Amino acid sequence: MDAAQTTKTVRTTCAYCGVGCGILATPQPDGSVAIQGDPDHPANFGRLCSKGSALGETLGLDGRLLHPTIDGERASWDEALGRVAETFSRTIAEHGPDSVAFYVSGQLLTEDYYVANKLMKGFIGSGNIDTNSRLCMASSVAGHRRAFGSDTVPGTYEDLEQADLVVLVGSNLAWCHPVIYQRLAAAKAERPQLQVVLIDPRRTMTADIADMHLAIASDGDTALFSGLLRHLAAVGAVDQSYVEAYTDGFEEVIGAVGQMTVAQVAEATGLKPHAIASFYELFARTEKVVTVYSQGVNQSVQGTDKVNAIINCHLATGRIGRPGMGPFSITGQPNAMGGREVGGMANMLAAHMAIEDAGHRRIVQDFWASPTIADKPGLKAVEMFQAVADGRIKAIWIMGTNPVVSMPDADAVAQALGQCPFVVVSDVVAKTDTMAYAHVALPAAAWGEKDGTVTNSERRISRQRPFLPLPGEARPDWAIVTEIARRMGFDAAFAYQSPAEIFDEHARLSAEANAGTRDFDIGALAGLDRAAFDTLSPVQWPQPATGEKATADTRFFAEGRFYHPDRRARFVAPAQTDLQSQTPGEAKTLLLNTGRVRDHWHTMTRTGLSARLSAHIAEPYAELHPKDAERLGVNEADLVTVASDRGEAILRVLVSERQKPGSVFVPMHWTSQNSAKGRVDALIDAATDPISGQPGLKSTAVTLRRFAAAWYGFAVTAKRPVTNGLDYFSLARAERGFRLEAAVAAELDDPTALAERLMGVARSAILSYHDVSGGAYRFAAFDGERLLGAFWLSRSPVIVSRSWASERLGAEHLARDRFRLLAGRGGADRPDPGATVCSCFSVGVNEITAAVVSGKAVTVGAIGELLKAGSNCGSCRSEIKGIIDGVELKHSA
Ligand SMILES: Nc1nc2c(c(=O)[nH]1)N[C@H]1C(S)=C(S)[C@@H](COP(=O)(O)OP(=O)(O)OC[C@H]3O[C@@H](n4cnc5c(=O)[nH]c(N)nc54)[C@H](O)[C@@H]3O)O[C@H]1N2
Ligand SMILES: Nc1nc2c(c(=O)[nH]1)N[C@H]1C(S)=C(S)[C@@H](COP(=O)(O)OP(=O)(O)OC[C@H]3O[C@@H](n4cnc5c(=O)[nH]c(N)nc54)[C@H](O)[C@@H]3O)O[C@H]1N2
Ligand code: SF4
Ligand SMILES: [Mo]
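Residues numbered from 1 in each chain as written. Chains lettered and ligands numbered in written order. Predicted model: local features only at pLDDT ≥ 70, side-chain atom pairs only at ≥ 80, totals over all residues. Heavy atoms only, no water.

### Some words on the packing of aromatic side chains
Note the cut-off: Geometry of aromatic contacts follows a simple scheme: Phe, Tyr and Trp rings, the Trp one being its six-membered ring, pair when their centres are within 6.5 Å, and the pair is stacked under 30 degrees between planes, edge-to-face over 60, tilted otherwise. Working definition: helices are DSSP H or I runs of at least four residues, strands are E runs of at least two. Numbering for both runs from the N terminus. Type-normalised accessible area, obtained with a 1.4 Å probe on protein chains alone, sets the label of each residue: buried when under 20%, exposed when over 50%, and partly exposed for intermediate values. In this analysis the charged atom, NZ for Lys or CZ for Arg, is taken to sit over a ring once it is within 6 Å of the ring centre and within 35 degrees of the ring normal.
This structure, assessed with the given rule, holds 30 aromatic pairs. Ring centres of Trp447 and Phe467 lie 5.3 Å apart, and the angle between their planes is 75°; this geometry places the pair in the edge-to-face category. With Trp447 in the loop between β16 (440–443) and β17 (452–455) and Phe467 in the loop between β18 (460–464) and α20 (477–487), this pair connects stretches of sequence that are 20 residues apart. Residue Trp447 shares its accessibility class with Phe467, and that shared class is buried. For the ring pair Phe557 and Phe562, a centre distance of 4.3 Å and an interplane angle of 25° mean the geometry is stacked. For the residue pair Phe557 and Phe562, the accessibility class agrees, reading buried in each case. Following the ring pairs from residue to residue traces out a cluster consisting of Phe148, Phe520, Trp541, Phe556, Phe557, Phe562 and Tyr563. The lysine or arginine in question, Lys118, covers the ring of Phe494, its NZ or CZ lying 5.0 Å from the ring centre. The residue whose ring lies beneath Arg795 is Trp711, and the NZ or CZ to ring-centre distance is 3.9 Å.

### Some remarks on the site of ligand 2
Operational definition: For each residue, the test is whether any non-hydrogen atom lies within 4 Å of the molecule or strand; if one does, the residue is near. Side-chain atoms alone can form a polar contact between residues adjacent in sequence; in general such a contact is a pair of N or O atoms within 3.5 Å, and within protein one must be able to donate a hydrogen while the other accepts it. Each accessible area is a Shrake-Rupley result for a 1.4 Å probe, and residues are judged covered by the shown protein chains and nothing else. As a working rule, the residues Ala, Val, Leu, Ile, Met, Phe, Trp, Tyr, Cys and Pro are called nonpolar, Asp, Glu, Lys and Arg charged, and the rest polar, with Gly in that last group.
Taken together, 32 residues are adjacent to ligand 2, and Gln107, Ser406, Asp427, Lys450 and Thr603 come closest. Between ligand 2 and Asp427 there is a distance of 2.6 Å, counted from an oxygen atom to a side-chain nitrogen or oxygen. In this structure, an oxygen atom belonging to ligand 2 sits 2.8 Å away from a side-chain N or O atom of Thr605. In isolation ligand 2 exposes 920 Å². Once the protein is present, 99% of that is buried. Taken together, the residues of the shell around ligand 2 sort by class into eleven nonpolar, 14 polar and seven charged.

### Some remarks on the pattern of salt bridges
Selection criterion: By definition, a salt bridge exists where a carboxyl oxygen of Asp or Glu is found within 4 Å of a side-chain nitrogen of Lys or Arg.
What the rule picks out here adds up to 49 salt bridges. Among the ionic pairs, Glu449 bridges to Arg64, the shortest N-O distance being 2.8 Å. Remark: Arg64 occurs in the loop between α1 (50–53) and β4 (69–70) and Glu449 occurs in the loop between β16 and β17; sequence separation between them is 385 residues. The two residues Glu449 and Arg64 agree in class, both being buried. Here Arg786 and Asp783 are joined by a salt bridge, their closest N and O atoms 3.9 Å apart. According to the relative accessible area criterion, Asp783 is partly exposed, its value standing at 46%. Salt bridges sharing partners connect three or more residues here, namely Asp78, Glu483, Arg486 and Arg487.

### Let's talk about the site of ligand 1
Around ligand 1 sit 35 residues in total, of which Asp200, Asp219, Ser294, Arg596 and His600 are the nearest. Between Asn172 and ligand 1, the recorded distance is 2.7 Å, taken from a backbone N or O atom to an oxygen atom. A distance of 2.9 Å is found between an oxygen atom of ligand 1 and a side-chain nitrogen or oxygen belonging to Arg202. When ligand 1 is considered free in solution it has 920 Å² of accessible area, and contact with the protein chains removes 99% of it. Of all elements in the fold, only α6 (173–176), α13 (295–298) and β21 (590–595) reach the threshold of two or more residues within the shell around ligand 1. Taken together, the residues of the shell around ligand 1 break down into ten nonpolar, 16 polar and nine charged.

That is the geometry; function is a separate question.
See below:
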């Protein structure tokens, strides 16, 4: 496809989550891009969430990496590629193939992923390619392979709409898979008998559609589902004919979980026996059940056992592979599934073949005509960075992921990279916490420029198509990898001219010697020429060349045909049956739970560019139950230091009843680019699940203490503020500049000097006001009528309307504002909209509350009519409902 600048609408797929929504992108004559949901895409039928709708705001070139660099200096592609190929070849020659590694990402396209895997496993001859999917999907992959003999997701999105019971385990669907959440909410509105059960220690926004919320203790899931299996057997809910015809190991598992009485489950999960019993009864009597699970299950040191405990219940009842039924592991990243298809993980081969299987190795090696083939699994992510630390790995290439932020024990990862002789980073942005360690930086094509395929959670392959030209010297990841491979001497095997050729090879390999023995077969998609590849419509696998192709109704395993050699599924008993949930040991410790917020994506390299998305939650926070806040002597808006034996973070306190007592929730998104100490993974222990190697990212013991700030500050600045000298800061985009929360621990000799530095203006240009009695300072600087910056400094957390202050950066008539900025509480003369709830129309929490309190609008629909909030993408509808419920609760109390 020609990516020349046009104003033609291009059909593509969202850059973010594994829902895989179709998007219509239309470049505008003014250089902006209009983004709409694709009404014909079967994942979203036109819907988009707040992140998807804001994609147009993240396409600017500000901050992009546009040229290769070597040791921080601009270099030509020829020099950079030469350095990478040479250093990898030399390292392999001197220290063997296992002395090098690739750490890649579920944000790569299938074609990028395919060539990276082929180069490492078939040509370098090592298994040392692993991916951020290790932190994400590895336990699901391992659980699927144990139960089914293959990494198969049996169902489809429609199953959630057709079910009578949807159980959400460790999934914050409302914020993390918003369009699936909207489909589920719509189905429930139409058919109220559809029951939703949420199993999550926190009462997340997803709880708003749940009929039952089980606030389970961390890692109580294995016990809960083992107890459920026992209950199903006890009440005769087992489908004997399915179990006998298609499975193995049922008796053994029943033997193993026989002890899991409701009382014991209650002890292991912290749940009330009657709540457990009603969940079990509901599950037992409802035929059409889908169990959706995500990171509350996978990111655990018993993640694989959790997955199998869930799958056991579906196998026992035969509720799998039929409409409205099945276990459903929902994927996180846009191409988590595609990465699994190409075998991009250290313990897989390619096309769902097994690295341990000599027959599979032969198939792949013959097909690739490769000099070698990795014959054992490589190092999994956590081990890989440990091997970098102890010098076993001497050259690493990181593509499309930011491990210094997202890996557990992240400071150790940073240190390892700092000592590593050769680090290559391919990214789309110039400055990341990981890029700081790159000897060679390679500029990759970003969303909107990339061309290839992704596979979503329901096995649907969709095209990502370019609609923007490649900026600067950026190149697509597949092109960078193949160029390196050629320079390492593997010209013939990496002679691709386009992603279409790579996709064709991937499709052919999936069919090679397959004949129905492997689930992943897209042989029918082989042989597409460029034109056919360009027009490829979203399609689910399997798509074998001969035999049954997937249709909307295709599911796996309704009639067995699993992928173990005997074609039977396996029941898997959890390793421990004397399960204990994790509870904090000492009174002073809390259990640290981590995850996502609605409007940010991972390490914020892209969502952080949007002021609108940043206005939902602008700071890294520690969410605490009121009882814990009281016990620990901290208040809302205080700053706290949260520490483990690995590291510490400084965060803003958010007190909420949604949090489970004894635990603290911290989002994973903040980095050293936008915060002083917001990288939560610095605190997290690198313990992993023994089977999947996935780290437990959701239960680390931590302590929490008040951060004694001498001064708290808030600033809005036109230029990026200089943050040196701040013990705490959190930096976010505002509409025409930046907004900054700040604090310092020591007394300030000269507060004006701090203002000068932050705003980047000379002292002489700063107007200031010092409230001697309250000890507060206010500073502002102007260029004519234009505000360059304003800075509030006070002894307690600054009270000023953040949105009002941010808007001043672009305000035209500042004559009167000058006084307001300096006098008293800025914006106090008009209602403060409060933190953004609806990012599409920038509607704040106070505006919604006021509408409800006044009685002008008391339903989500009425709020939409009155304020427009929630009437576009719908991502905030559950929050609006939460606000309405909260107001009603107060008024009825
Ligand atoms: N807005 C947004 N959406 C995203 C992403 C993003 O960065 N931002 N990232 C995408 C990616 S890659 C992924 S993997 C998905 C993740 O999607 P989710 O898995 O839904 O998101 P998380 O917030 O990581 O975790 C889900 C929930 O697990 C709960 N939990 C913690 N411990 C336990 C436990 O022991 N048992 C149970 N049952 N629950 C527990 C947490 O309280 C949390 O609410 O989101 C995708 N979508
Ligand atoms: N504590 C804690 N830690 C976690 C999690 C958690 O829940 N809690 N979740 C884990 C999970 S599930 C995940 S998936 C990871 C995600 O963690 P990461 O993968 O580290 O997060 P991203 O910010 O998505 O990193 C992607 C990087 O690739 C760049 N990029 C974007 N597009 C492209 C491209 O096309 N090509 C290239 N070469 N680069 C590109 C981006 O600029 C960014 O720097 O975090 C994990 N870490
Ligand atoms: S749900 Fe949102 S983030 Fe996920 S694919 Fe759809 S639009 Fe993108
Ligand atoms: Mo993920």
